[in-house]
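# Breakdown of the fold
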Amino acid sequence: MESDTGQWSHLPKDLLAKIAGRLDTRIDFLRFRGVCSSWMSSVSPTFPSKNPLLSLKIPYPIDSIANLNISDPDTPNPRVSFSLIESTLYYLQPLRQTPDSKEALLVKLEEPKPEKVRLMDTFSRRAIQHLPKNFPKVLNTLDFRVREVGKTYGLRFFDVRGKPITRFEFKSILIKKVIMFSKGDEYGLMMIRFRGGLALWRLGEKKWSLIDDGAEKSHFDDVIYYKGRFYAIDYIGRIVVIDVDSLKATELASPVHGSRGNHRHFVESFGELFLVDKYVVTFCNNYSDIVSVVPDYPVHFEVFKFIEEEQKWDWVSDIGDRVLFVDDDRTFSLSSTDFPGFKGNCVYFTEYCFCEEDYDRPGFEAGIFDLEQRIARPLSAFPGYSKIFWPPPVWLRPQRS
């Protein structure tokens, strides 16, 4: 009698192709190809991304700039354009471990070219330039337990004529944040521009649409796509809700009481919307300067939960086993129960004052704020939790027999 494995290996190639076409993540696709040689040969080695924006040239996103000839989509030979870049966060664990083990590594990988990836800083858009000797040149997903945590996006500028840009032009293309959204068959991007305003672009459109939020001068801190609408918050705590179809911006009637931060971030966590309010108690050049002035509270956070039925924000003192990650690149949330190695009821963040000498590694300027103890510390001050970012564990480079 033929084994179950043998029967599976003889499935028709057209059926295997249909199965592979329904896989949504690269990890599932790679595992599919790793089942057996017939499954591997049934599909292309390159993951067929379902994101149509990744292969496109995206129009120049900022206001028209006189005589630069770079933002007009009707220009026969536009000087510059953008491409969307995607980075993916992966949670890795060794194949063999005890149930209570917390051995894990969170990595962020970017694929600049097919089948080529590079390691990125977990908390920013920086690429790690020099990998340690024990970091494998090839990551075989069959060697680990791998879970995809989420994705981040950015716009990469390139000059189609190969000419250098001026300092003035460079300032005009700086982008604070980019998020991708999809609604049915519609795909698009929302960005916070360098000067703080919002702009939206949909697949198929020639120009970006500037969002009129009713303010004389807009300076937004963060924006998120939540339940089919955009929520944006500015530097004074004003929140506007933007309809995707009409682009109409409506100010949320209920303000965030108790918000007094320097920076604000939205985080979606298990279907709920949170606002993380960050403020620096004292400004400094490094962490040792802070400790000499305010030993326990150099950076402070308050967390608010959006009560959708009442359209209001409630302050919360405890978020249970949730872990909230906030930075300018992306915000996300995990459960410390489901993802061992993280400290629950905490906010993970970046702060320039925490920057350490070894900056060419993930999390070099990261910190943790404990909501129960109400204290912030650099990531290095939490040795039991910092190793999930760096250094690479021994099991990351499996020994071949």
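Up top is the structure these notes are about.
Read on for a plain summary of the structure. (Residues numbered from 1 in each chain as written. Predicted model: local features only at pLDDT ≥ 70, side-chain atom pairs only at ≥ 80, totals over all residues. Heavy atoms only, no water.)

### So, the pattern of salt bridges
- One pass over the structure, following the stated rule, counts 19 salt bridges.
- When the shortest N-O distance is used, the salt bridge between Glu251 and Arg238 registers 4.0 Å. Within this pair, whereas Glu251 is found in strand β12 (residues 249-251), its partner Arg238 is found in the loop between β10 (229-234) and β11 (239-243), the two being separated by 13 residues in sequence.
- Residue Glu251 is classed as partly exposed on the basis of its relative accessible area, which comes to 48%.
- Since its relative accessible area comes to 13%, Arg238 is described here as buried. (Salt bridge = Lys/Arg side-chain N within 4 Å of Asp/Glu carboxyl O. Helix = DSSP H or I, 4+ residues; strand = E, 2+ residues; numbered from the N terminus. Buried < 20%, exposed > 50% of the residue type's maximum accessible area, 1.4 Å probe, protein only.)

### Side note on the packing of aromatic side chains
- Throughout the structure, instances matching the rule amount to 18 aromatic pairs.
- On the basis of an interplanar angle of 90° and a centroid distance of 5.4 Å, the ring pair of Phe325 and Phe342 is categorised as edge-to-face. Of the two residues, Phe325 is situated in strand β17 (residues 322-325) and Phe342 in the loop between β18 (332-335) and β19 (346-350); the sequence distance between them amounts to 17 residues. Residues Phe325 and Phe342 agree in their burial class; the two are buried.
- Ring pairs connect the aromatic residues Tyr91, Phe325, Phe332, Phe339, Phe342, Tyr348 and Phe389, which therefore count as one cluster.
- Its guanidinium or amino end placed over the ring of Phe339, Arg147 lies 4.1 Å from that ring's centre, counting from NZ or CZ. (Phe/Tyr/Trp six-rings, centres within 6.5 Å; stacked < 30°, edge-to-face > 60°. Lys NZ or Arg CZ within 6 Å of the ring centre and 35° of its normal.)

### Brief notes about the side chain of Asp234
- Checked against the element boundaries, Asp234 lands in strand β10.
- Overall, Asp234 belongs to the buried group, its relative accessible area being 5%.
- The residues contacting Asp234, other than those within four sequence positions of it, are His219, Phe220, Asp221 and Arg264. (Contact = heavy atoms within 4.5 Å.)

### Some points on the sheet that holds strand β6 (residues 186-193)
- Ordered by their spatial adjacency, four strands build an open sheet running β5-β6-β7-β8, and the pairing between neighbours is antiparallel. A single partner strand is all that each edge strand has here, and the edge strands are β5 (175-183) and β8 (209-210).
- Here five bridges tie β6 to strand β7 (residues 198-202), and the two strands are oriented antiparallel to one another. Its bridge partner lying in β7, Gly188 is registered against Arg202. (Pairing = 2+ DSSP bridges.)

### What about the environment of Phe325?
- We classify Phe325 as buried; its relative accessible area is 1%.
- Distance in space between the C-alpha atoms of Phe325 and Ile368 is 9.4 Å, their sequence separation being 43 residues.
- Sequence-distant contacts of Phe325, defined by excluding residues within four places in its chain, comprise Phe123, Val267, Arg330, Thr331, Phe332, Leu334, Phe342, Tyr348 and Phe389.

### Looking at the pairing of β7
- Where burial is concerned, most of β7 is hidden: five out of the five residues are buried.
- With burial as the criterion, each face of β7 is covered, one bearing Leu198, Leu200 and Arg202 and the other bearing Ala199 and Trp201.
- Taking the residues between adjacent antiparallel strands as the criterion, β6 and β7 are bridged by four residues, where Gly196 takes a positive phi near 100°.
- Pairing of β7 with β8, which is carried by two bridges, proceeds in the antiparallel orientation.

### Looking at the side chain of Lys278
- Along the chain, Lys278 falls in strand β14 (residues 272-280).
- Taking the relative accessible area as the measure of exposure, Lys278 reaches 8% and is therefore buried.
- There is a polar contact of 2.8 Å between the side chain of Lys278 and the backbone oxygen of Thr350. (Polar contact = N/O pair within 3.5 Å; in protein donor to acceptor, adjacent residues only side chain to side chain.)

### Quick look at the sheet that holds β19
- Spatial ordering of the open sheet is given by β18-β17-β19-β20-β21, a layout of five strands whose pairing is mixed. Strands with a single pairing partner mark the edges of an open sheet, and in this sheet they are β18 and β21 (375-378). The sheet shows a mean angle of 20° between the axes of neighbouring strands, taken without regard to direction. (Axes fitted to C-alpha atoms, helices over the stretch in contact; angles between N-to-C directions.)

### A few points about the nonpolar core
- In this structure, Tyr91, Val149, Phe325, Phe342, Tyr348 and Phe389 are the most contacted members of the largest nonpolar core, which totals 20 residues.
- Among the secondary structure elements, those contributing two or more residues to this core are β1 (80-94), β17, β18, β19 and β20 (366-370).
- For Tyr91, the residues in contact, after removing those within four places along its chain, are Ala104, Leu105, Leu106, Arg145, Val146, Arg147, Val149, Phe339, Pro340, Phe342 and Ile388. (Core = buried A, V, L, I, M, F, W, Y, C linked by side-chain atoms within 4.5 Å.)

### Concerning the layout of surface pockets
- By volume, the second largest pocket amounts to about 850 Å³.
- Contributing elements (two or more residues each) for the lining of the second largest pocket: β4 (144-159), β5, β9 (220-226) and β18.
- Among the residues forming the lining of the second largest pocket, the class breakdown is twelve nonpolar, eight polar and nine charged. (1 Å grid on protein atoms, 1.4 Å probe; cavity = no way out; pocket = protein on both sides within 12 Å on 5 of 7 lines; lining within 4 Å. Points joined across faces, edges and corners; volume = space filled by probe spheres on them. Nonpolar A, V, L, I, M, F, W, Y, C, P; charged D, E, K, R; others polar.)

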